[in-house]
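Survey of secondary and tertiary structure
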Amino acid sequence: MFKLPDIPISIFSTMSHLAREHGAINLSQGFPDFEVDPKLVSLIEKVSKGTVHQYSPMAGESKLLEETSRLVYESYGRDLDPKKEILITAGATQGIFTCIQALVEPADEVLILDPSYDCYVMPITLSQGVPVRIPLNESFLPDWELIKQCVNEKTKLIITNNPHNPSGRIWSKSDMQELSNLLQTNQNLYHISDEVYEHITFDARHESANLYDGLHPKTMIVSSFGKSFHITGWKVGYVVAPKKLMNELKKVHQYLVFTVNSLSQHVLSEYLQQQNVKQLGAFYKQKRDLFRIGMENSKFELLPCEGTYFQLASYANQSQESDVDFCHELVEKFKLAAIPISVFSAHEEKRKVIRFCFAKENETLTKATDLLCKI
Ligand code: PMP
Ligand code: GLN
């Protein structure tokens, strides 16, 4: 028989498809609807004339590895060896898949904090590992007592995601300290830190695992240039891990993809020298605020949003329908696509909450909020 009978089509594909079918404003799948930086477009033209069209080295173009190392150093002060501690991947998705395949053996348990992004479970199942899904608390933050209770001698990995999709919450120093203690007291436990929204925080600094010496030896940090440079379709990301772990990741990577698209790597190597990711938080904060102000006269209740480009909203005042039904009605009747958050959890989701993506032109956001205020 086939190996993966229970894997559904992702909610992101489903809702984007429905948005197209119903001619709806698409605030569901997380991607920008605005033009990319013209500098990036001219770099593609310039770079593509060079000798850049054959296989890149397995772990990544050396210039891109160096620039990524510089980015990490400037952002967090962590000094990485570009040749030994960084891997360029085909998006964060491949980075996460690679980490899981390299570490998880049959019957190993992997802790996942729900609601969680959808690409964690399948590679665990493929490795015959066991996903252990632990709910985040009411505020979408970690419940450390509960997490500690779930760790046993079979626990191989914990996957964290900060800034958090779908909630937009960010972790505090004390959360990072708890995580650090957990890794230090459990020798067999490793950590995947999904930080794809690392440069999109609004009022507080992002607590990257790169900042914590206690996390570093057992942590694989995954990020995505797709989020930081508005190029989700390029599917280029990176993993940072200490040399010993990185050697294991490379064993999977070389047979999974061998190497990542060469043109994107060359373009990004040059673009990273010109780009300042520090502006990204302010850029998206303006969009978050525009969306939140536009929603003030709606019946939705907005939840806190500290990072990412997602805004959660409760519709409990309007309807008692499930979030999946509510989203279907929203796209079919009102021509606006959003994401139901229950699909990110293994446990029953009682909150009547849906997710909107605000990585959109201001005009799109105004149209969307005008529409949402009429519901
Ligand atoms: N992790 C999270 C939390 C995400 O939201 C996404 C979606 N972009 C990914 C990983 C995957 O990123 P990429 O598109 O670079 O594969
Ligand atoms: N990360 C995006 C989101 O959360 C979706 C990416 C995808 O479609 N796989 O909306």
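What you are looking at is a predicted structure, and each value in this text was computed from that prediction instead of being measured.

**A closer look at the site of ligand 1**
Around ligand 1, a shell composed of Gly-91, Ala-92, Thr-93, Tyr-117, Asn-161, Asn-165, Asp-194, Val-196, Tyr-197, Ser-224, Lys-227 and Lys-235 is seen. One nitrogen or oxygen atom from the main chain of Ala-92 is found 2.8 Å from an oxygen atom belonging to ligand 1. Separating a nitrogen atom of ligand 1 from a side-chain N or O atom of Asp-194 is a distance of 2.6 Å. Starting from 390 Å² of accessible surface for ligand 1 in isolation, the protein chains cover 94%. In this structure the site holding ligand 1 corresponds to the largest pocket. A total of three residues in the shell around ligand 1 trace back to one element, the largest contributor, which is helix α5 (residues 91-103). Classifying every residue of the shell around ligand 1 by side-chain character gives four nonpolar, five polar and three charged.

**Description of the layout of surface pockets**
Any empty space left between atoms is shown by rolling a water-sized probe over those atoms. In this model, the largest pocket occupies a volume close to 1100 Å³. Lining the largest pocket are 41 residues, and of these Ser-10, Phe-12, Tyr-117, Asp-118 and Cys-119 sit closest to its centre. When residues of the lining of the largest pocket are traced back to their parent elements, those giving at least two are α1 (11-21), α5, α6 (121-126) and α9 (225-228). Broken down by element, the lining of the largest pocket gets its largest block of residues, five residues, from α5. When the residues that make up the lining of the largest pocket are grouped by side-chain class, the tally is 21 nonpolar, 13 polar and seven charged. Volume-wise, the second largest pocket comes out at about 480 Å³. It is helix α3 (residues 62-76) that provides the largest number of residues to the lining of the second largest pocket, a total of six residues. Along the lines of polarity and charge, the residues of the lining of the second largest pocket split into seven nonpolar, eight polar and seven charged.

**Here we look at the nonpolar core**
Judged by nonpolar contacts, the single largest core of 70 residues is most densely connected at Met-220 and Phe-356. Not counting chain neighbours up to four residues away, the residues in contact with Met-220 comprise Cys-99, Leu-103, Leu-157, Tyr-190, His-191, Ile-192, Ser-193, Val-239, Val-240, Ala-241, Leu-245 and Leu-249. If you look at the next biggest cluster of nonpolar residues, it comprises 44 residues, including Leu-65, Ile-88, Leu-136 and Val-260.

**A closer look at the site of ligand 2**
By nearness alone, every residue bordering ligand 2 is listed as Phe-12, Gln-29, Gly-30, Tyr-117, Asn-165, Tyr-197, Lys-227, Phe-310 and Arg-355. Between Tyr-117 and ligand 2, the recorded distance is 3.2 Å, taken from a side-chain N or O atom to a nitrogen atom. Within the contact set of ligand 2, an oxygen atom lies 2.6 Å away from a side-chain nitrogen or oxygen of Arg-355. Look at ligand 2: alone it shows 300 Å² of surface, and the protein chains cover 79% of it.

Rules and cut-offs
Residues numbered from 1 in each chain as written. Chains lettered and ligands numbered in written order. Predicted model: local features only at pLDDT ≥ 70, side-chain atom pairs only at ≥ 80, totals over all residues. Heavy atoms only, no water. Near = heavy atom within 4 Å. Polar contact = N/O pair within 3.5 Å; in protein donor to acceptor, adjacent residues only side chain to side chain. Areas by Shrake-Rupley, 256 points an atom, 1.4 Å probe, with all protein chains shown as cover. 1 Å grid on protein atoms, 1.4 Å probe; cavity = no way out; pocket = protein on both sides within 12 Å on 5 of 7 lines; lining within 4 Å. Sits in = over half its atoms within 2 Å of the grid points. Helix = DSSP H or I, 4+ residues; strand = E, 2+ residues; numbered from the N terminus. Nonpolar A, V, L, I, M, F, W, Y, C, P; charged D, E, K, R; others polar. Points joined across faces, edges and corners; volume = space filled by probe spheres on them. Core = buried A, V, L, I, M, F, W, Y, C linked by side-chain atoms within 4.5 Å. Buried < 20%, exposed > 50% of the residue type's maximum accessible area, 1.4 Å probe, protein only. Contact = heavy atoms within 4.5 Å.

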